[in-house]
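So you can see what is in the structure, the chains are spelled out below.
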Amino acid sequence: MLTLLVTVPPVSGQEEGSSPWSVGSDILTSYIWRGTRQGSGPHVQPEIEYSAGSFSAGAWSSFDFQGYEEVDLWFAFNLPGGFTVGVQDYYLPILPYFEYRAADGSHAFEVNIDFSWENVWLSGNCVVNEAGGIGSSGGDLYFEGGISFEYFSVFLGAGNGWHTENGNFNACNLGLEVGEEIEITDRFTIPVTGQLVFNPDREQLFVVVGFTF
């Protein structure tokens, strides 16, 4: 994900540049989440984040111009040894916010465990509840691993439940990512990220380009 960080002015009593708050926004040609397209056309993805020591939390959103909108809340703790654990709440504003019944629930709560070491990363994720409104079955699993090289990264993800067409466990997110910075002036550049993503489960291929301004 591309991220543009803009430091919020410090509150009274804080030293300049010490604010724990940051905001950001990405613009993508399309939103491909774990190998599956969400919505249609370009997406704008704003985010607000709070960080203090090993703890961080935030609100992240994605919306297109055809009526799709997603708003997720999350928190995470950085642990020794390159591990991070957290929880994410997936929510679609088209659904009532305080609906938590299994049949019609509008929130899917996912536990995340991530590990990174030098140029390698691994991720394990599990949705813990059934929420029919948003489409989770409960027990939806997703695992991903990737390696970064000098000029590109490769990754492979597999899951079940709402990650695959029939709900069975299968590879669903195979990709290549590259990054570049477009120099506008000596002091201003635009970071650009490109992804080639293939979903073996649905037999679909995507090309995604993202810009940060």
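Residues numbered from 1 in each chain as written. Predicted model: local features only at pLDDT ≥ 70, side-chain atom pairs only at ≥ 80, totals over all residues. Heavy atoms only, no water.

A. Geometry of the side chain of Arg34. The topology assignment puts Arg34 in the loop between strand 3 (31–33) and strand 4 (36–38). Of the polar contacts made by the side chain of Arg34, one reaches the side chain of Tyr90; its length is 3.5 Å. Polar side-chain contacts of Arg34 include one of 3.1 Å to the side chain of His163. Discounting chain neighbours no more than four positions away, the residues touching Arg34 are Tyr90, Glu110, Asn125, Tyr142, His163, Cys172 and Asn173. (Helix = DSSP H or I, 4+ residues; strand = E, 2+ residues; numbered from the N terminus. Polar contact = N/O pair within 3.5 Å; in protein donor to acceptor, adjacent residues only side chain to side chain. Contact = heavy atoms within 4.5 Å.)

B. Local environment of the pairing of strand 16 (residues 188–199). With eleven bridges connecting them, strand 15 (residues 170–185) and strand 16 associate as antiparallel partners. If you follow Glu183 over to strand 16, its bridge partner there is Thr189. Between strand 15 and the antiparallel strand that follows it, strand 16, lie two residues. Two elements, strand 16 and strand 17 (residues 204–211), share eight bridges in a ladder whose sense is antiparallel. (Pairing = 2+ DSSP bridges.)

C. Just the pattern of salt bridges, in detail. A complete count under the given rule lists three salt bridges for this structure. When the shortest N-O distance is used, the salt bridge between Arg34 and Glu110 registers 2.9 Å. Residue Arg34 is found in the loop between strand 3 and strand 4, and its partner Glu110 is found in strand 9 (residues 107–117); the two are separated by 76 residues along the sequence. Like Arg34, the residue Glu110 is buried in the burial classification. Two residues, Glu99 and Arg101, come together in a salt bridge whose shortest N-O distance is 2.9 Å. Here the salt bridges do not stand alone but share partners, grouping Glu99, Arg101 and Asp104 into one network. (Salt bridge = Lys/Arg side-chain N within 4 Å of Asp/Glu carboxyl O. Buried < 20%, exposed > 50% of the residue type's maximum accessible area, 1.4 Å probe, protein only.)

D. Region of the structure containing the pairing of strand 17. The pairing of strand 2 (residues 21–28) with strand 17 spans two bridges and is classified as antiparallel. Of the residues in strand 17, the one forming a bridge with Ile27 is Phe211. Between strand 16 and strand 17, which follow one another and run antiparallel, lie four residues, and Glu203 among them has a positive phi close to 55 degrees.

E. Structural context of unusual backbone geometry. Located in the positive-phi region is Arg34, a residue other than glycine, with phi close to 55 degrees. Not every positive phi belongs to a glycine, and Glu118 is a case in point at roughly 50 degrees. Counting through the fold element by element, Glu118 comes out in the loop between strand 9 and strand 10 (120–127).

F. A look at the packing of aromatic side chains. Inspection of the entire model under this criterion finds 14 aromatic pairs. When the centroid spacing of 5.5 Å and the interplanar angle of 65 degrees are considered together, the rings of Trp33 and Tyr90 count as edge-to-face. Of this pair, Trp33 sits in strand 3 while Tyr90 sits in strand 8 (residues 83–91), and the two are 57 residues apart along the sequence. By relative accessible area, Trp33 is classed as buried at 17%. Between Tyr91 and Tyr97 the ring centres are 4.8 Å apart and the planes differ by 75 degrees, which places this aromatic pair in the edge-to-face class. (Phe/Tyr/Trp six-rings, centres within 6.5 Å; stacked < 30°, edge-to-face > 60°.)

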